[in-house]
Amino acid sequence: MQPRHVAIIMDGNGRWANTRGLPRVEGHRKGAESVRDVVRAARQVGIECLTLYAFSSQNWQRPLDEVEALMQLLREYLLEERQEIMENDIRLIAIGHIERLPAIVREPLDALIRDSSQNKSMTLCLALSYGAREALVDAARAAIRSRIPPEALTESTISSYLPTRDLPPLDLLIRTSGEQRISNFLLWEAAYAELYFTDTLWPDFRRGELYTALEAYAGRERRFGLTSEQLRAKANE
Ligand code: IPE
Ligand code: IPE
Ligand code: MG
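Described below are features of the structure shown in this document. Just so you know, these numbers come straight off a predicted model, no measurement behind them. (Residues numbered from 1 in each chain as written. Chains lettered and ligands numbered in written order. Predicted model: local features only at pLDDT ≥ 70, side-chain atom pairs only at ≥ 80, totals over all residues. Heavy atoms only, no water.)

1. Overview of the pattern of salt bridges
- Inspection of the entire model under this criterion finds 23 salt bridges.
- Across the salt bridge formed by R24 and E66, the nearest N and O atoms sit 2.8 Å from each other. Taken together, the residues R24 in helix α2 (residues 24-45) and E66 in helix α3 (residues 64-87) connect sequence positions 42 residues apart.
- Residue classification places E66 among the buried residues on the basis of a relative accessible area of 9%.
- Between D115 and R82 there is a salt bridge, with the nearest N and O atoms lying 2.7 Å from each other. With a gap of 33 residues between them, D115 in helix α4 (residues 103-115) and R82 in helix α3 connect regions that are remote in the sequence.
- Taking the relative accessible area as the measure of exposure, D115 reaches 30% and is therefore partly exposed.
- Residues participating in the shared-partner salt-bridge network are D11, R15, R175, E179 and R181. (Salt bridge = Lys/Arg side-chain N within 4 Å of Asp/Glu carboxyl O. Helix = DSSP H or I, 4+ residues; strand = E, 2+ residues; numbered from the N terminus. Buried < 20%, exposed > 50% of the residue type's maximum accessible area, 1.4 Å probe, protein only.)

Laid out in structure tokens, this is it:
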């Protein structure tokens, strides 16, 4: 089975650059090439939704010159990929506190979100200035504001207040660079996602690595708390 929704924690750009004696920003630049290749491949194999963790709310605390370089690269990505995204019928959306992004990013981002909103073949979701705990706090605030009675609050109501509400359930969460942690990404959505960790640094992660992850996913048994026997019985129904 192919996952409908894949999310990637794109990690290891700094280490990729360090081991080559290059400044960290060169790792981010090379990482942007991986983004291009992986988005193309995901679209070609028919993934419905690809969510990329591009900048966390914690990443604002990095040195200012690195944050500025990342914002510049984001702007370049949005401008340079615009045509490709439109031609391939990809809908771009963003999750996170995008109002914190500088205008040089907000302008091409807002324009592409607007212009691609009717595209149907794949959703590319960029997590920008995103933190899952912040998203859950925002959801709780919105629920309280709407005066929902406590007894009426269910899992699906909470989901409906999250920025991922219109996306398919998260099936596969990939993290590169050998780190095995979630780093405040999609905490709620990952409850039953399959996790896939690879030592490959993000700038070296290209379509072949995505296919390997998809194969690994296809070999998993997602039991959702049931037994293997129950799953087989359900499949035969
Ligand atoms: C991921 O690579 C990119 C962002 C977090 C923006 P890093 O910059 O975290 O690279 P490492 O983890 O320091 O190698
Ligand atoms: C997570 O990577 C955020 C992104 C990939 C955008 P980090 O490099 O910021 O995460 P930590 O600091 O290793 O947890
Ligand atoms: Mg990192």
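Still more to cover.
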